[in-house]
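So the chains spell out like this:
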Amino acid sequence: MKIPLSWLREFTDVQLTAEQLADALTLRGLEVRGVERWGANWNKMVVGELLEVAPHPKADRLQLTKVRIGDGPILNIVCGARNIAAGQRIPVALVGAEMPDGRRIERAEKMGIASEGMLCSGQELDATDDGDGILILDSSAPLGTPLVDYLGEDVIDVDVKPNRGDLLSILGLAREVGAITGAPVAYAARPLKEGADAVGAGLALRVADEALAPHVVLRVVDGVKVAASPDRVQMRLKAAGLRSISNVVDATNYIMLELGKPTHAFDRAKVGETVQIRLAKKGESLETLDHEVRSLDATDLVVADERAALALAGVMGGASSEVSTSTSSVIIESAIFAPTSVRRSAQRHSLRSEASHRFERGQERRLATLGADQVAALLTEWAGGVARAGRLVAGAEEVPVTTLNFRPSRVRALLGVALSDDEQVALLSSIGISADPAAVATKIAVTPKRSVSAEKGSARAVRVPSWRSDLEIEADLAEEVARLYGYERIPTSVPSADLPQHRPSPTLLRDRVRRLLADAGLHEVVTHALVSAAQAELWSEPASIVTGPLAASEGSAGGASIVLQNPLSADHDRLRQSLLPSLLDRVDANLRYGATSGAIFEVGRGYGSTKGAPSEWTRLAVAVWGDREQGAPSVGATAWNLDELKRLVAQVAHLVGERPAYGSSVESAVLHPGINAVITGDRIAGLLGELHPASPIWRDEPRILLAEVAIAGLRAGRVETAQISLPPATPPVTRDVALLIPAAATVGQVVAVARSAVSRATNVELFDLFAGTPLAPGERSAGLRFTFQPSATGADDEAIAAELTALEGAVLRACGARIRGVEGQ
Amino acid sequence: MDLAALEKQLRTLQADAATRISAAASTAELDELGSSLLGKRGAITEILRGIGALPADDRPKIGVVANEVRAAIDASVTARRVALSAGELLERIERERVDATTPGPAPRIGSLHPIPETIAAIAEIMASFGFVVSEGQEIEDDVTNFQLLNIPEDHPSRDLWDTLYLQEPGRLLRTHTSPGQIRTMQAGGPPIRVILPGRCFRYEAVDASHGFEFHQVEGLLVDRGATLADLKGILDELAKGLFGSAARTRFRPGYYPFTEPSVAVDVSWPGSKDGWMTILGAGMVHPVVLENGGIDPETHQGFAFGLGVERIAMLRHGIPDLRAFLENDLRFLAGFR
């Protein structure tokens, strides 16, 4: 809401500068978007006086003028406008001036005669819509004064919050300003002289649904000459951000800004005998003023006559009854419409207007009558109209005064400030919330639906002004007290009341994982949760990967992709299931930025829907490419490879006391079918591998490796305290076992079998893997080192030997592997 | 062999040893020489084998001489070792000398993203006031995201949030972390002190200060006596924690449907460029919201606040464009140490 200060001053005295006022409003809760000087772009433009106007000797359309601009030399200016005469004061753009449209004023020869500037029309100044004639100023305009100082206007732009519809008006803002300055606020309604003809002659009003239109007022103004509004009106509307249309439409807009009351003017000649306010009929349509033909819904409230819908009530008028230059008589409709109905219609038709904006936020009931009268008064003043006697009215004007009770003690308890009962009442009265000594305050509205009884004498009653329908409960008054007292004066303290029970942070483990990875040289990223359909298809984790307690704590992946109903773009129209596509997208971006090596990770969520029930799960995703670390003269660079990625996974797994195992590859659109593995474990599970060579961002060099895992506690942060037994004095012993693995088996299988068969081993490590002569093609020899911690007595050799014997049978059964030899002490 | 002959042998050995010791070229040679003279099978031991032939009276006499000789040789060996090892050390140093002024390999530089790190910074400050972290769901329903927060259907206050809806009717992506207030209150009664960080979504065109995905941190305190003055005290501490102890806060009325009174908080600190910067919205929890959370507004009250993590991170790090956070350019990320 843009407020030209001159308009504000019509209702209250303002001594503050625009900036001071803006600061004061800000501290009282009115957010100021900005302060501007309307007309500030009129540089090198001044008020001048026409001394002479003479015909141009060579051009009929031009005139020669002599212009005085104060004490300086008289300027010779050639002008094409016809509405000028000696003695008039006019805006002069001096040589060097830049017009609002960017044109520069130069010294010029016009048909052989020098011109030292330009006389300006309202349109050239971007002040009015009149481009035909020069803007004629008042004869009292001070000569030589910069135009901005004379015609310019300070404008404060206030962001009005949805609960304060009353502030969508100059008058409403004047009331707030008055509360700040202490100056009185008064609205002097324009007197309306009515003609002899009665409004009811040939016109009736019928409201079909009083709930949707509780109060409707019509006035008729005859003898209207539709033309441009007076210049000062056009300029004021422009400063307030509205375009001037015609004197009739401008009159309705002027009152809308002044009082916050939207009204609508119909061409009387285009309306039948009965104005009806009713719901639209099935199949009915309406061409609105923006020339869109709209099919109406049976819940759209319309203003109609006996034949057809004329306007979408509270939203926009119709083309068929639009006021035009041939209009001579207008019907002014000024109504109170149900806010919800207007909002739904405006939303349904994607048609937000200044009017609907105000109707949605509620209208003060007394404004229907006042608005109709004031528009009619302006039409008699600006368009030479004669108002018919009386109004057509449906519904009631009167709304009982609202009394609201509050407990000053509760206000003190809520705000934490020692304001006496009387001080609170005095603060409220400064914005017209006056004490109601006659009322006995007992019922306190705690919420709009719940009241409690106040102890006798502990509550005060106040009358809420008709424009403050937002004040409904005790807490609303507490806010007004705080606001008027000034938030800056409320003391600061620290709450001393009960503390809740301690709960460990859900980010404990996550933060450890993040630090570990950052210390290992990876960069944490935060990527989009919303992805494209193509990205979503890249990978979704099968429910079989993360199962059991891990799925319960970290969330179980799967289900259908969740798609938005109103996406901003197809690139982000659904929620990701896997983090990998978003991560890959960032790898791609960084490769384009020249990062030939990199390592990134994200801890984030995947989303899916099973039978309509949405679920969210938490995963760690990693993408690495190129060199793991840079080299130096004595040490070569090391590239990321599957083993280095596994080392990283193992380090993360160690945080939850797990050594991950690897199972055979899975079908995946994102991972290389021949270079990937499933990570299995009770406390960590997922997959890793190289990027699929079919991916558009795959390249031979550098290879991109990916991993996505669930880790127990990543989401909810349980970090278990490790239980430690003191090591015995005996040193650990090792046994190295060479195994012959047939082509059909994997090392992962063999290791898994070895781990479970040799349960006494504290560690099982693959230290060698060999293929080639003398082995058969496809066969491999794997060296596994088992570490055992003997007990204090050291008498474990037999038990170890027994387990290694059992291993022989187990690997043979499970995957046809054979033991080639055992070494160790 | 008589006493005099033995003594002469020892003295000769001593003189000869002195010459050889001073001629030793390395500590290794000296060590060998030392043990050949003084060792178990050394020259002195050899000479003293003849002691058995002496009369008993002379034996102690020759012992005294032998000890003298032994001590003298030992002293010259030690002296010679000191001289030799100093030279050898110097030689070793020269031999092993390298140019140690090479720059060394590049460090492994990793980083933590400013969004989670800013959340962590907020959580750490608030933890000192007893606030614990809790994380909610991002897929919400209309009831919890709006209606229970005193934002009814068809109310103009809904215009404050442009919402991304799911195809599933009634479901949406949370537009703010505030539904966590309801879920927290419903999950357990007062006293409540909780921080609710997380990702939020809005139907919003992307520019330097807006995105359709962003992060918020919600705070909620409910007990019997929390006041607007307490809200000011806590949020002033939070601002000082985030922007330095010289930061100043300005509290002014704001508007949120779920708080009454509502507060907007501006901060200004020595490094801030543009005077007062709005960093968060707050207020006393609206009685309707308390009731919807199952708490009686006649016995309990509290305050809530919400701040935009991207905005805080931008202000703290001097980042001019919020799009950098989701761009994840490694050159940008490497700056966060």
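Scroll up to find the structure this text is about.
Note that the structure is predicted; figures quoted are calculated from it, not measured. (Residues numbered from 1 in each chain as written. Chains lettered and ligands numbered in written order. Predicted model: local features only at pLDDT ≥ 70, side-chain atom pairs only at ≥ 80, totals over all residues. Heavy atoms only, no water.)

Draft legend 1. Geometry of the overall build of chain A. Within chain A, the secondary structure is distributed over 19 helices and 43 strands. Computed over the C-alpha atoms, the radius of gyration of chain A is 41 Å, more than 25% above the 28 Å expected from 2.2 N^0.38 for a compact globule of 825 residues. Each principal axis of the C-alpha distribution contributes one length, and for chain A these read about 125 × 90 × 60 Å. Within chain A, the proportion of its 825 residues that are buried is 52%. (Helix = DSSP H or I, 4+ residues; strand = E, 2+ residues; numbered from the N terminus. Rg over C-alpha atoms; globule rule 2.2 N^0.38 Å. Buried < 20%, exposed > 50% of the residue type's maximum accessible area, 1.4 Å probe, protein only.)

Draft legend 2. Region of interest: empty space enclosed by the protein. In the structure shown here, the tally under the stated rule is five cavities of 30 Å³ or more. Here the largest cavity is characterised by a volume of approximately 190 Å³. When residues of the lining of the largest cavity are traced back to their parent elements, those giving at least two are helix 10 (408–415), strand 26 (443–447) and helix 12 (474–485) of chain A together with strand 8 (277–285), helix 9 (287–292) and strand 9 (301–308) of chain B. When grouped by side-chain class, the residues that make up the lining of the largest cavity number 11 nonpolar, three polar and five charged. The set of elements that each furnish at least two residues to the lining of the second largest cavity consists of strand 33 (613–625), helix 17 (642–655) and strand 39 (704–711) of chain A. If one sorts the elements of the lining of the second largest cavity by residue count, helix 17 of chain A sits on top with four residues. Of the residues in the lining of the second largest cavity, the class split is nine nonpolar, no polar and one charged. (1 Å grid on protein atoms, 1.4 Å probe; cavity = no way out; pocket = protein on both sides within 12 Å on 5 of 7 lines; lining within 4 Å. Points joined across faces, edges and corners; volume = space filled by probe spheres on them. Nonpolar A, V, L, I, M, F, W, Y, C, P; charged D, E, K, R; others polar.)

Draft legend 3. Quick look at the pairing of strand 27 (residues 450–453) of chain A. Residue and element names in this part refer to chain A. As judged from the four bridges shared by strand 26 and strand 27, these two strands associate in the antiparallel manner. Its bridge partner lying in strand 27, A445 is registered against S451. Adjacent in sequence and paired antiparallel, strand 26 and strand 27 are bridged by two residues. (Pairing = 2+ DSSP bridges.)

Draft legend 4. Summary view of the environment of R68 of chain A. Residues and elements named next belong to chain A. Inspection of the secondary structure puts R68 in strand 4 (residues 63–68). Residue classification places R68 among the partly exposed residues on the basis of a relative accessible area of 30%. Along the chain, R68 and G48 lie 20 residues apart, while their C-alpha atoms are 5.5 Å from each other. R68 has contacts with V47, G48, E49, L51, I74 and L143, leaving out every residue within four places of it along the chain. (Contact = heavy atoms within 4.5 Å.)

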